[in-house]
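The primary structure of each chain is shown beneath.
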Amino acid sequence: MEITEHIKSLAADGRLLADAAERAGTDAPVPVCPGWQVRDLLRHTGVVHRWATGFVTEGYTSHQPMGDEPGLDGGELVDWFREGHDRLVTALTEAPDTLECWTFLPAPSPRAFWARRQAHETAVHRVDAQSALRAGAGVPGVAPAFAADGIDELLRGFHAREKSRVRTPEPGILRVRATDTGDVWTVRLSDQVPHAERTADGPADCELSGPAGQVYLALWNRLPADAVSTAGDERLARLWRETSAI
């Protein structure tokens, strides 16, 4: 996806997140994030947005700590979230393609990295907020092409890092297939960092498949295991569910 597409998604999902939070109320539980209320979601995502904005606007070339979560609540907290989200969208829109700053996943450029990362950060938490609004009515969807992009970031970005806990003393190959977009990933699991490639070559011990939006949310543990089809070694599917949280 292009940078402009990521920024467009970030802008739209941030607005939807705030609207859902406002309608649900900050004390509403977030069903897909046990133990969280909407206020926790707004505080967390708002801090992340401000943290990301700092790298884009200040050009920090090394890691910087996130700020503290505010003590705001209710309408003031929603307004605070909206303000930080707007600042992030503006910063990314106005940033030059030559932007230089710290990043933590592979990307064509720092601007491309932050646009993509914050688009998916916000999309997942938009789903969280809407799940609070729609309690018992199911989890809202994610567009197929955007979801496939997010699956790729998750498998070949986040879980390619040493921080990944998706490890097993019994090696296995997990295949992830988006049935509507045709995207396929093969993930080699072992006691080392998972290694994912965009390929369907070779046999796999377990395959997770379904529409890209459902696979995306299942891999982010926002949907139950049966939201996608599982074929083969259930052990590898269970390993992902139990160890992939970020």
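Now for a look at the structure at hand. (Residues numbered from 1 in each chain as written. Predicted model: local features only at pLDDT ≥ 70, side-chain atom pairs only at ≥ 80, totals over all residues. Heavy atoms only, no water.)

1. Some words on the overall build of the protein
Selection criterion: A run of H or I in DSSP becomes a helix once it reaches four residues, and a run of E becomes a strand once it reaches two; helices and strands are each numbered from the N terminus. For the radius of gyration, the atoms used are the C-alpha atoms, and the globule rule reads 2.2 Å times the number of residues raised to 0.38. Here's how the labels work: a residue is buried when its accessible area is under 20% of the maximum for its type, exposed when over 50%, partly exposed in between, all with a 1.4 Å probe on protein chains only. Every residue pair with non-hydrogen atoms within 4.5 Å of one another is taken to be in contact. For every accessible area listed, the method is Shrake-Rupley and the probe measures 1.4 Å; residues are considered covered only by the protein chains on display.
Within the protein, the secondary structure is distributed over 7 helices and 5 strands. Scanning the protein from its N terminus toward the C terminus, one meets helices and strands in the order α-α-α-α-α-β-β-β-β-α-β-α. Taking 2.2 N^0.38 as the reference for a compact globule, 246 residues should give roughly 18 Å; the C-alpha atoms of the protein span a radius of gyration of 18 Å, in line with that estimate. Dimensions of the protein, computed from the C-alpha atoms along their principal axes, are close to 50 × 45 × 30 Å. Per-residue burial over the protein gives 53% buried out of 246 residues. Long-range contacts, defined as pairs at least 24 residues apart, comprise 68% of the intrachain contacts of the protein with a sequence gap of at least 6. When the accessible surface of the protein is totalled, it reaches about 11,200 Å², and 49% of it is carbon and sulfur.

2. Some details on the nonpolar core
In plain terms, the rule: The criterion is simple. A nonpolar core is a set of buried Ala, Val, Leu, Ile, Met, Phe, Trp, Tyr and Cys residues joined through side-chain atoms within 4.5 Å.
Of all hydrophobic cores here, the largest spans 55 residues; its most connected members are Trp-114, Leu-155, Tyr-216 and Leu-219. Looking at which element gives the most residues to this core, the answer is helix H4 (residues 110–133), with 8 residues. Beyond its immediate stretch of four places on either side in the chain, Trp-114 contacts Trp-51, Ala-52, Phe-55, Val-56, Leu-92, Cys-101, Trp-102, Thr-103 and Phe-104. If you look at the next biggest cluster of nonpolar residues, it comprises 18 residues, including Leu-17, Val-30, Leu-77 and Ala-129.

3. A closer look at the side chain of Arg-43
Tracing the backbone through its elements, the reader meets Arg-43 in helix H2 (residues 38–58). Excluding residues within four positions of it along the chain, Arg-43 makes contact with Glu-69, Pro-70, Gly-71, Leu-72, Asp-73, Leu-77 and Trp-80.

4. Some details on empty space enclosed by the protein
The test is simple: Cavities and pockets are found on a 1 Å grid laid over the protein atoms alone: a cavity is a set of points where a 1.4 Å probe fits but cannot escape, a pocket is an open set with protein on both sides within 12 Å along at least five of seven lines, and a lining residue has an atom within 4 Å of such a point. Grid points are joined across faces, edges and corners, and a volume is the space filled by probe spheres set on the points.
Under the defined criterion, the tally for this structure stands at 1 cavity of 30 Å³ or more. In this structure, the largest cavity spans a volume of roughly 110 Å³. As for the largest cavity, its lining consists of Leu-208, Ala-218, Leu-219, Asn-221, Leu-223, Pro-224, Ala-225, Val-228, Thr-230, Ala-237, Trp-240 and Arg-241. Going through the elements one at a time, helix H6 (212–219) and helix H7 (234–243) are the ones with two or more residues in the lining of the largest cavity. With 3 residues, the single largest contributor to the lining of the largest cavity is H7.

5. What about the environment of Arg-126?
Stated precisely, the cut-off is as follows: N or O atoms closer than or at 3.5 Å make up a polar contact, with two conditions inside protein: a donor-capable atom paired with an acceptor-capable one, and, for residues adjacent in sequence, both atoms drawn from side chains.
On the secondary structure map, Arg-126 appears in helix H4. Apart from the residues lying within four places of it in its own chain, the contact partners of Arg-126 are Asp-13, Leu-16, Leu-17, Pro-140, Gly-141 and Val-142. There is a polar contact of 2.9 Å between the side chain of Arg-126 and the side chain of Gln-130.

6. Remarks on the environment of Arg-222
By the element assignment, Arg-222 lies in the loop between H6 and strand E5 (229–232). According to the relative accessible area criterion, Arg-222 is buried, its value standing at 14%. Arg-222 sits 130 residues away from Leu-92 along the chain, and the two C-alpha atoms are 27 Å apart. Leave out the neighbours within four places in its chain, and Arg-222 touches Val-32, Cys-33, Val-124, His-125, Val-127, Asp-128, Val-139 and Leu-217. Side chain to side chain, Arg-222 and Asp-128 meet in a polar contact 2.9 Å long. Among the polar contacts listed, one links the side chain of Arg-222 to the backbone oxygen of Trp-220, at a separation of 3.1 Å.

7. Structural notes on the pattern of salt bridges
For the record, the criterion: Put simply, a salt bridge is a Lys or Arg side-chain nitrogen that is within 4 Å of an Asp or Glu carboxyl oxygen.
Within the structure shown, the criterion is met by 19 salt bridges. Here Arg-39 ties to Asp-73 by a salt bridge, and the two come within 2.9 Å at their closest N and O atoms. Here Asp-73 lies in the loop between H2 and helix H3 (74–94) and Arg-39 lies in helix H2, a separation of 34 residues in the sequence. On the basis of relative accessible area, Arg-39 is assigned to the buried category, the value being 16%. Connected through shared salt-bridge partners, Arg-116, Asp-149, Asp-152, Arg-156, Asp-183 and Arg-198 make up one network.

8. With respect to the sheet that holds E5
Stated precisely, the cut-off is as follows: Strands qualify as paired when DSSP identifies two bridges or more between them. In this description, a line fitted to the C-alpha atoms serves as the axis of each element, helices being fitted only across the stretch in contact, and the angle between N-to-C directions of two axes falls anywhere from 0 to 180 degrees.
Within the open sheet, the 5 strands sit side by side as E3-E2-E1-E4-E5. Their pairing is mixed. Looking at the sheet topology across the chains shown, the edges are occupied by strand E3 (195–197) and E5. Across the sheet, the mean angle from the axis of one strand to that of its neighbour is 20 degrees, orientation sign disregarded. Of the strand pairs in this sheet, strand E1 (residues 172–178) and strand E4 (residues 206–210) are connected by 5 bridges, and their pairing is parallel.

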